[in-house]
Amino acid sequence: MTLDVIYEQVYLKLGKDAYGNVVTPDSFNKALSYSNIEKLNDFLVVLEQDEEMIDNLRPFVITLGDSSSSPVYLDDYGYAFLPSDYVRYVHSSRMDYTNNTTGSTEVYRHIEMLSNKDFSYRLSTSLYSPTLSRPIATIQNEKLLVRPRAINDISFTYIRMPLTPNYDYDFSDITFLPVYLPPGTEHGDLPDTTVRPGFTAGDPSESVELEWTEDVHDDIINIIYKFFAINLKDMNSLQTIEIEKGRP
């Protein structure tokens, strides 16, 4: 479901009177951004309760250090910056080698992720202190910290933030309403439209479609609808107050 369809569905749920009053493209983009994060949080709550990966989150799972990407490199103190789009930790590991009669064998060592408190405790006790075969990690101030220090790089899997959706548009010469510009198009491309202020003909569309799968889109529409329904209620209340103030 493209953003113009979602825009139309929200309009239909709210009713015609709300269309020009509240659901402007700018306010729609605010509601889109809100719904995008709200849906992500819904799935993360479920994930926290059950570590089994949710299918809807799989498109946002990134592994650094797989066959197609570089690993996360640690500095001399065992620190590394978290990726800029990081949302939630999934798992991490380091590659080790063991020698046997046939040569060297690769072994992946799981890195145990701990809270800051448990991490500090493990460092303070010799019985459970980390080793190369039993490394530990924690997250401090948007940085990953791994112990023991002798580890140079790790494989790191996390859930990234979905791209922020954006509805870009020109104006219809007939209805004077916004007309959606899909990604890959340009302002002025569509017939019977006027380029909106701030852009010139030929500027690329800044639209970004939702990354969620189709089965999530109805939930997105409902979240946006509730977002605007609350605003409509507040606006109606404000209008009533203004009318009361205006009475003699």
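Residues numbered from 1 in each chain as written. Predicted model: local features only at pLDDT ≥ 70, side-chain atom pairs only at ≥ 80, totals over all residues. Heavy atoms only, no water.

Caption draft 1: Representation of the overall build of the protein chain. The helix and strand inventory of the protein chain stands at 5 helices and 12 strands. In the protein chain, buried positions account for 36% of the 248 residues. In the protein chain, the share of contacts with a sequence separation of at least 24, taken over all contacts with a separation of at least 6, comes to 60%. Of the roughly 14,700 Å² of accessible surface on the protein chain, a fraction of 52% belongs to carbon and sulfur atoms. (Helix = DSSP H or I, 4+ residues; strand = E, 2+ residues; numbered from the N terminus. Buried < 20%, exposed > 50% of the residue type's maximum accessible area, 1.4 Å probe, protein only. Contact = heavy atoms within 4.5 Å. Areas by Shrake-Rupley, 256 points an atom, 1.4 Å probe, with all protein chains shown as cover.)

Caption draft 2: Structural context of the packing of aromatic side chains. In this structure the tally under the stated criterion is 14 aromatic pairs. Between Tyr 86 and Tyr 158 the ring centres are 5.9 Å apart and the planes differ by 35°, which places this aromatic pair in the tilted class. On the criterion of sequence distance, the pair formed by Tyr 86 in strand 4 (residues 86-100) and Tyr 158 in strand 9 (residues 153-160) is long-range, its members being 72 residues apart. Taken together, the ring pairs connect Tyr 7, Phe 28, Tyr 167, Tyr 169, Phe 171 and Tyr 180 into an aromatic cluster. Over the ring of Phe 43 we find Lys 39, and its NZ or CZ is 5.0 Å from the ring centre. Across the ring face of Tyr 169, the terminal group of Arg 196 is positioned such that the distance to the ring centre comes to 4.1 Å. (Phe/Tyr/Trp six-rings, centres within 6.5 Å; stacked < 30°, edge-to-face > 60°. Lys NZ or Arg CZ within 6 Å of the ring centre and 35° of its normal.)

Caption draft 3: Structural detail: helix 1 (residues 3-14). Here helix 1 contains 12 residues, and its C-alpha end-to-end distance of 16 Å stays within 8% of the 16 Å for a straight helix at 1.5 Å per residue. Residues of helix 1 that are buried include every one of Leu 3, Ile 6, Tyr 7, Val 10, Tyr 11 and Leu 14, and no others. Axial view of helix 1: buried residues confined to an arc of 140°, hence all on one face. Looking at the residues trailing helix 1, positive phi occurs at Gly 15, about 105°. (Expected span 1.5 Å × (residues − 1). Arc of directions from axis to C-beta.)

Caption draft 4: View of the sheet that holds strand 10 (residues 169-172). Taking strand neighbours across the sheet as the criterion, the 3 strands line up as 11-10-12 in an open arrangement whose pairing is antiparallel. For this open sheet the edge positions go to strand 11 (178-180) and strand 12 (193-194), each flanked by a neighbour on one side alone. Here 2 bridges tie strand 10 to strand 12, and the two strands are oriented antiparallel to one another. Bridge pairing in strand 12 places Phe 171 opposite Thr 194. (Pairing = 2+ DSSP bridges.)

Caption draft 5: Main features of the sheet that holds strand 6 (residues 112-113). Across the sheet, 4 strands lie side by side as 3-8-7-6; this open sheet has mixed pairing. Only two strands of the sheet have a single partner each, and these edge strands are strand 3 (79-81) and strand 6. In this fold helix 4 (residues 116-124) packs onto strand 6, strand 7 (136-140) and strand 8 (143-147), with an angle of close to 135° to the strand it touches most, strand 7. (Axes fitted to C-alpha atoms, helices over the stretch in contact; angles between N-to-C directions.)

Caption draft 6: Geometry of the packing of helix 1 against helix 3 (residues 25-49). Relative orientation of the contacting elements helix 1 and helix 3 amounts to 100°, with a least axis distance of 12 Å. With respect to their mutual orientation, helix 1 and helix 3 come out roughly perpendicular. When helix 1 is examined against helix 3, the residues Leu 3, Ile 6, Tyr 7 and Val 10 are found in contact with a partner set consisting of Pro 25, Phe 28 and Leu 32. For the contact of helix 1 with helix 3, a count of residues per class yields 7 nonpolar, no polar and no charged. (Parallel < 35°, antiparallel > 145°, perpendicular 65-115°, else oblique. Nonpolar A, V, L, I, M, F, W, Y, C, P; charged D, E, K, R; others polar.)

Caption draft 7: Just unusual backbone geometry, in detail. Following Arg 147, the chain continues to Pro 148 via a peptide bond in cis, the omega torsion being 10°. The residue Pro 148 is located in the loop between strand 8 and strand 9 in this model. Residue Phe 176 is not a glycine yet carries a positive backbone phi of 65°. Position of Phe 176 among the secondary structure elements: in the loop between strand 10 and strand 11. For Phe 176, a relative accessible area of 64% corresponds to the exposed category.

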